[in-house]
Structures are given as structure tokens and as C-alpha cells.
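Residue-level structure breakdown
Now for the letters of each chain:
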Amino acid sequence: MIENSLITLNENAVENNIAFLKKKLGNKVKLSAVVKANAYGHGIEQVVPLFEKYGIDHYSVFYYSEAIRVFDSLSKPTTIVVMGWLCDESIRGAITRGIEFFVFNIERLNMAIQYAKELDLKAKIHLETETGMNRSGLNVDELNDAITIIKENTEYIEIAGFCTHLAGAESVSNHVRIQSQLKKYKKMLTTLESQDLIPKYKHVANSAAAFVYPKARMDLVRIGIMLYGFWSSSEVYVQYINNKNNKFDPLKRILGWHSQIMAIKKVRSGEFIGYGISYLAQTNIITALVPIGYSFGYSRSLSNKGRVLIGGHRCSVIGVVNMNMVIVDISHINEVKVGDEVVLIGKQGDLEIKVSAFSEISNELNYEILAHLSESIVRTVIKQ
Ligand SMILES: *Cc1c(COP(=O)(O)O)cnc(C)c1O
């Protein structure tokens with residue numbers, strides 16, 4: 001029994017992707033699994049136990065609330081880092097649970113020390129530096145202030161990391177900017193270490209940077225999209241595959257999404273289908289109604305463009321994507337009936353709807369489509 005649709009997570013793909021990444025990175029580089037945005041739409045509660053099973057022992061999220069969900073999904077205490085936002089009051093909870101967090105300004109550092117003193121525990125922080133993205137992080141002056149403050153409070157602060165984020169390693173057009181960021185980072189690291197403050201991990205790379213700039217791996221990489229089986233951009237993929245004899249994609253997509261046919265209808269030539277006049281039947285056609293829409297993450301930009309799989313055939317979305325429904329053309333398929341499977345993402349027979357194919361049509365990034373998959377869709381782990 002499925003509600004309106006079901007997301008499947010392929011355990012073999014998880015095992016494959018982790019094995020590939022660990023082999024490429026070697027054992028000197030720690031792999032931190034980025035599981036923000038509900039594990040890129042895959043589901044924190046389902047994905048984290050799988051990642052744990054295949055040897056991931058370091059997790060990165062954006063919000064404190066996500067850190068708590070990861071914490072509750074793990075079978076034993078493991079490193080969790082909040083790379084983004086936690087409110088002042090949550091700093092207490094983070095320190096109590098040993099959850100690490102980025103410090104990107106002096107206010108945050110002082111707050112961490114204040115709570116650590118109150119709790120008589122150490123706050124485990126990652127000093128985030130501003131190296132050219134101009135988004136978040138300590139600039140050179142702030143880093144110097146932070147060093148002074150930390151040296152006065154060494155019993156309350158552990159420097160778990162020293163990091164920055166690169167502004168677009170997935171595109172060669174950012175090459176010069178990235179090189180300048182790496183240079184600034186190194187300089188700031190020297191400033192820190194010259195004061196005998198040695199961070200546990202030095203890290204700057206996401207998936208793209210880890211592959212395009214191997215030097216940027218340092219001693220930890222924050223990998224999101226590749227764990228789920230996607231390349232950050234076709235540029236990164238092409239660069240990787242060009243140097244290989246075997247041209248197979250080493251990554252496997254974890255996620256599949258399917259629904260079923262809710263109703264079938266015959267529509268005469270000359271009739272409009274769905275809201276408004278966006279689709280006019282040019283011949284007599286047969287339509288199938290599928291009970292998913294934009295409220296579950298099936299993007300409106302797939303109106304008149306999306307493809308689904310039914311009975312081993314590709315079928316086009318016709319008309320606009322509704323809040324809870326889409327209409328597809330099944331005129332070319334024989335023997336189709338209410339209740340038949342409809343694949344929105346993933347494989348059916350020899351065919352596959354890839355999220356990337358799906359996002360090329362809609363001009364959305366893989367990241368965005370995945371992140372929009374509704375949390376209310378049931379997720380289940382399968383082996384394939
Ligand atoms: C999201 C994020 C990552 C992971 O990026 P991918 O491209 O998915 O590997 C790494 N670092 C930071 C700071 C992030 O916000």
C-alpha cells in the first residue's frame with residue numbers, strides 16, 4: 001500500500017558511492033557526509049543509518065534541528081557539525097551533546113565560551129574564515145581577535161576545525177577566484193598555527209573541489225551531492241571521466257520515486273486538457289492522472305515538459321502541474337490500467353528518468369529538485 005507516492009533508497013548504491021569516494025580520497029582524508037536539507041531530500045532518518053552502516057562517522061548539516069535529527073538517527077555518538085545556523089539557546093544543547101559548530105563571528109565565539117563556562121564543558125568549534133566568497137566567516141582582523149579570545153579561554157574551546165567555503169569549484173570560470181581563496185586560507189591558517197593553536201581538521205572542499213582541486217582536500221572533505229550519486233556539474237564529471245579508460249559513471253543514484261495511476265480518461269481531439277489553454281489535444285488521446293504535484297516537489301516548471309515511465313514507456317506530462325496531480329499522455333501504450341506504477345525518478349525496465357535529465361528540462365539544479373522532495377513522502381530502503 002502506498003499513499004500517493006513512495007521514495008525508495010537503494011542500499012547497494014549507498015555502499016557503492018561510499019566505497020568509490022573512500023577509495024579516491026584515501027585514508028588520510030576524512031569524509032564528512034553532508035546531510036543538510038533532509039539529506040538532499042533523501043530523508044535524514046533513513047539515510048544516516050545507511051551511511052553509518054557503510055562506515056561514515058562524520059556528518060555535516062546546516063541547522064541545529066537537523067543535527068538533532070542526525071544525533072537521534074545514529075546508533076552511537078558520532079561527530080556532527082552545524083555549518084550554519086543555531087540560535088543562541090541551541091548552543092547550550094550543542095555543547096551538551098558534543099555537537100560541533102561553525103563560528104563565523106566574534107559574537108558567536110563569545111556566546112560559545114559563555115555557555116561552555118556555564119556547563120563546565122568544552123565547546124567544539126570550527127573557525128570559518130572569509131576568503132573571498134563574501135558570505136560568512138571571520139576576516140583577518142576578526143581572526144586575530146578570535147585568537148586572543150581563544151587563548152584566554154583554552155579550557156572552554158576546542159578548535160575542531162579551521163575552514164572556508166569555495167565560491168563555485170564546479171565551474172572552471174571561477175578558477176582564479178578559487179585559487180585566491182586557497183591562498184588567503186593558507187595565510188590565515190599560518191596566522192592561527194603560529195599562535196600554537198592547531199585545528200583538528202583543516203577543510204575547504206565540497207564534492208566539486210575535492211575532485212577538481214585535489215590539493216584542497218586537506219584533511220577533511222565535506223561531501224554532499226556525490227554521496228547521493230550525482231556529479232556537481234557536467235563539467236566536473238567530464239573532467240573526471242576524460243582521464244579514464246573506462247567511461248562508466250562510478251556513482252550510482254540512491255533515490256527512486258514512484259506513484260501510480262489514479263484514473264484513466266479518453267479525450268477527443270480539439271479539447272483543452274487541465275487548467276486553462278496550455279494543452280490542446282491534437283488527436284484523440286488517452287490520459288492518466290497521477291496523484292502527485294508541486295506540493296510534493298514535482299516542480300511546476302515540468303508543466304508540458306516532464307516525462308514519467310509507465311509500462312516501460314516514456315510518457316509526457318501534459319498541461320500544467322497541479323498542486324496534487326499531473327496528467328500524462330498514455331495514448332501510445334497498450335494494456336495500461338488504474339493502479340499501474342508511474343516512475344517519476346528512477347528506473348522501470350530499461351528506461352530511466354534521472355534527476356539530472358529532469359532538471360535539464362526544468363532548468364533547476366539537481367540540488368534544488370532533491371531538496372524540494374516533500375518530507376511527507378514515505379521513504380523505504382531497498383536493495384537492487
Ligand atoms: C552544502 C555544502 C557542502 C556540500 O556540497 P556538495 O556540492 O553537495 O558536495 C559543503 N560545504 C558547505 C559549507 C556546504 O554548505
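Scroll up for the structure.
Residues numbered from 1 in each chain as written. Predicted model: local features only at pLDDT ≥ 70, side-chain atom pairs only at ≥ 80, totals over all residues. Heavy atoms only, no water.

Another point: the overall build of the protein chain. On a plain count of helices and strands, the protein chain comes out with 12 helices and 18 strands. In the protein chain, which comprises 384 residues, the proportion classed as buried is 53%. Relative to all contacts within the protein chain whose residues are 6 or more apart in sequence, the contacts with residues 24 or more apart total 65%. Carbon and sulfur atoms make up 51% of the accessible area of the protein chain, which amounts to about 18000 Å² in all. Taking the average location of the 43 positive side-chain charges in the protein chain and that of its 39 negative ones, the two points are 7 Å from each other. (Helix = DSSP H or I, 4+ residues; strand = E, 2+ residues; numbered from the N terminus. Buried < 20%, exposed > 50% of the residue type's maximum accessible area, 1.4 Å probe, protein only. Contact = heavy atoms within 4.5 Å. Areas by Shrake-Rupley, 256 points an atom, 1.4 Å probe, with all protein chains shown as cover. Lys, Arg positive; Asp, Glu negative; His and termini not counted. Charge placed at Lys NZ, Arg CZ, Asp CG, Glu CD.)

A few words now on the nonpolar core. Counting 123 residues, the largest nonpolar core has F51, F101, W257 and Y298 as its most contacted members. No other element matches helix 6 (residues 106-119), which puts seven residues into this core. Residues I273, I285, I318 and I327 belong to the second largest nonpolar core, which totals seven residues. (Core = buried A, V, L, I, M, F, W, Y, C linked by side-chain atoms within 4.5 Å.)

A few words on the pattern of salt bridges. Scanning the model with the defined rule gives 12 salt bridges in all. A salt bridge links D88 to R108; the shortest N-O distance between them is 3.3 Å. Separated by 20 residues along the polypeptide, D88 in helix 5 (residues 88-97) and R108 in helix 6 bring together distant segments of the chain. Under the relative-accessibility criterion, R108 is labelled buried at 6%. The salt bridge involving D219 is made with K202; its shortest N-O contact spans 3.5 Å. Highlighted residues: D219 in the loop between helix 9 (207-212) and strand 9 (220-223) and K202 in strand 8 (residues 201-203), separated in sequence by 17 residues. K202 sits in the partly exposed class, given a relative accessible area of 21%. (Salt bridge = Lys/Arg side-chain N within 4 Å of Asp/Glu carboxyl O.)

With that settled, the discussion passes to the packing of aromatic side chains. The final tally for this structure, using the stated rule, is 12 aromatic pairs. The interplanar angle of 20 degrees and the centroid separation of 6.1 Å between the aromatic rings of F20 and F211 together place this pair among those described as stacked. Linking F20 in helix 1 (residues 11-25) with F211 in helix 9, this pair joins segments that are 191 residues apart in sequence. Note on F20: relative accessible area 11%, which makes it buried. By relative accessible area, F211 is classed as buried at 10%. Taken together through their ring pairs, the aromatic side chains of F20, F211, W231, Y237 and Y240 make up a single cluster. Stacked on the ring of F211, the Lys or Arg R217 has its end atom at 5.8 Å from the ring centre. (Phe/Tyr/Trp six-rings, centres within 6.5 Å; stacked < 30°, edge-to-face > 60°. Lys NZ or Arg CZ within 6 Å of the ring centre and 35° of its normal.)

Put simply, helix 3 (residues 44-53) and helix 4 (residues 64-73) touch, their axes get as near as 9 Å, and they point 55 degrees apart. Taken together, the axes of helix 3 and helix 4 lie oblique to each other. Where helix 3 crosses over helix 4, the handedness of that crossing is right-handed. Across from I44, E45, V48, P49 and E52 in helix 3, the residues of helix 4 making contact are E66, R69, V70 and S73. Residues that form the contact of helix 3 with helix 4 fall into these classes: four nonpolar, one polar and four charged. (Axes fitted to C-alpha atoms, helices over the stretch in contact; angles between N-to-C directions. Parallel < 35°, antiparallel > 145°, perpendicular 65-115°, else oblique. Left-handed = near helix turned anticlockwise from the far one by under 90°. Nonpolar A, V, L, I, M, F, W, Y, C, P; charged D, E, K, R; others polar.)

Moving on: the pairing of strand 3 (residues 58-61). Side chains H58 and S60 project from strand 3 onto one buried face, and the interleaved Y59 and V61 project onto a second face that is buried too. By the bridge criterion, two bridges tie strand 2 (residues 30-34) to strand 3 in an arrangement that is parallel. Pairing of A33 across the sheet is with Y59, part of strand 3. Note that the unit made of strand 3, helix 4 and strand 4 (residues 79-82) has a crossover that is right-handed. (Pairing = 2+ DSSP bridges. Right-handed = clockwise from strand over helix to strand, strands pointing away.)

Our next topic: the side chain of S207. Position of S207 among the secondary structure elements: in helix 9. With residues near it in sequence (within four places) discarded, S207 still touches R222, I223, G224, I225, M226 and S232.

Let us now look at helix 6. Note: α-helices contain 3.6 residues per turn, so residues at a spacing of three or four share the same orientation. With 14 residues, helix 6 ought to run about 20 Å at 1.5 Å a step, and its terminal C-alpha atoms sit 20 Å apart, in line with that. Looking one or two residues beyond helix 6, the residue adopting positive phi is D120, at roughly 55 degrees. (Expected span 1.5 Å × (residues − 1).)

Turning next to the sheet that holds strand 7 (residues 157-163). Strand order in the open sheet formed by eight strands is 8-7-6-5-4-3-2-9, and the pairing between neighbours is parallel. Among the strands making up the open sheet, the edge pair consists of strand 8 and strand 9. Here the average twist between neighbouring strands, direction ignored, is 30 degrees. One ladder, built from four bridges, connects strand 2 with strand 9; its direction is parallel. Looking at the pairing, K30 lines up with L220 of strand 9.

By themselves, these observations are geometric and do not establish any function.
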